[in-house]
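A structural walkthrough
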Amino acid sequence: MYSVGREVEIEEASSAWAVTSLIGPAAVEAAGTAPLEGEHAQRHYERQGVEVLAVSTDLGLDLITRAGQASELRGLLAESGAVEVSEAAAEILRVESGRPRFGREMSGATIPQEAGIDGRAVSFTKGCYIGQETVARLHYKGKPNRHLRGLRLEAPVSDDDEIALEAREVGRIGTAVISPAHGPIALAVIRREAEPGALVEVGENGVRARVAEPPF
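Notes on the structure follow. (Residues numbered from 1 in each chain as written. Predicted model: local features only at pLDDT ≥ 70, side-chain atom pairs only at ≥ 80, totals over all residues. Heavy atoms only, no water.)

Looking at the secondary structure, you find S56 in strand β3 (residues 50–56). Exposure remark for S56: the relative accessible area of 9% places this residue in the buried category. Within the local environment of S56, its side chain forms a polar contact with the backbone oxygen of G38, the two atoms lying 3.2 Å apart. Sequence-distant contacts of S56, that is, excluding residues within four places in its chain, are made with L36, G38, E39, H40, A41 and L61. (Helix = DSSP H or I, 4+ residues; strand = E, 2+ residues; numbered from the N terminus. Buried < 20%, exposed > 50% of the residue type's maximum accessible area, 1.4 Å probe, protein only. Polar contact = N/O pair within 3.5 Å; in protein donor to acceptor, adjacent residues only side chain to side chain. Contact = heavy atoms within 4.5 Å.)

Take the pattern of salt bridges next. Here the structure, examined in full by the defined rule, presents 16 salt bridges. Between R172 and E162 there is a salt bridge, with its nearest N and O atoms 4.0 Å apart. Separated by 10 residues along the polypeptide, R172 in strand β7 (residues 168–172) and E162 in strand β6 (residues 162–165) bring together distant segments of the chain. Where E193 meets R168, a salt bridge forms, and the shortest distance between an N and an O atom there is 2.9 Å. In this pair, E193 is assigned in the loop between β9 (183–191) and β10 (199–202) and R168 in strand β7, connecting sequence segments 25 residues apart. By relative accessible area, which is 30% here, E193 ends up partly exposed. (Salt bridge = Lys/Arg side-chain N within 4 Å of Asp/Glu carboxyl O.)

With the rule as written, the count across this model stands at one aromatic pair. On the numbers, 5.9 Å between centres and 75° between planes, the contact of F124 with Y140 is edge-to-face. In this pair, F124 sits in the loop between α5 (118–121) and α6 (132–140) while Y140 sits in helix α6, placing the two residues 16 residues apart along the sequence. On the accessibility criterion, F124 (26% relative accessible area) is partly exposed. (Phe/Tyr/Trp six-rings, centres within 6.5 Å; stacked < 30°, edge-to-face > 60°.)

Let us now look at the environment of E193. It is 21 Å that separates the C-alpha atoms of E193 and E204, two residues lying 11 residues apart in sequence. Discounting residues that sit within four places of it in the chain, E193 has contacts with L165, R168 and V170. At a separation of 2.9 Å, a polar atom in the side chain of E193 contacts the side chain of R168. A polar side-chain atom of E193 sits 3.0 Å from a polar atom in the side chain of R191.

All right, on to the nonpolar core then. Counting 18 residues, the largest nonpolar core has L151, L153, I163, I173, V200 and V202 as its most contacted members. Broken down by secondary-structure element, the contributors of at least two residues to this core are β5 (146–153), β6, β9, β10 and β11 (207–212). Discounting residues that sit within four places of it in the chain, L153 has contacts with P184, I185, A186, V202, V207, R208 and A209. The next biggest cluster of nonpolar side chains, apart from the first, holds 15 residues, and it includes A30, A31, A41 and L61. (Core = buried A, V, L, I, M, F, W, Y, C linked by side-chain atoms within 4.5 Å.)

This is the structure in structure tokens:
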């Protein structure tokens, strides 16, 4: 619906491709490729017959392959010392690094500045796009009513729990995890009056939490 006058066709191709995420300082070495400079940097390469598109992330690399070669790629990564971890472990690292995720901290109604991604996901020099005026106005002149924040919790809470400041709802938990390094923590997009350092209450039990500037 956003083709904006262009003749395009949409094809569901996700079943033909697989993404394997490598997380950690040895990601490039395990992938068997040369270093990439900066987040989103990309490189095509081949490793023992497996064609790979490596994309740099804030925590390592995303390796995109054809679905039929994903298992072979994982075997090669294991030979290089990579160890498979659970999605829950990867989520802990994402929350620690302060990276929002679509479907958790972000939705189609979230403005990039609210999620803190405008610096890494929006271009202010390219041509027109849907929603450009709102995004540009906030970037150059305005202040978002909500911001991505971290929460240092006194006890575990659940995703989507209400966050209250002085008995007034200011947002809801996006992702809550228990970090080995930081204990119970969470990410949430909350109203700007809940500034870093503010004490808020989360959920029906009123778990206390300190608002923090991500990353943890």
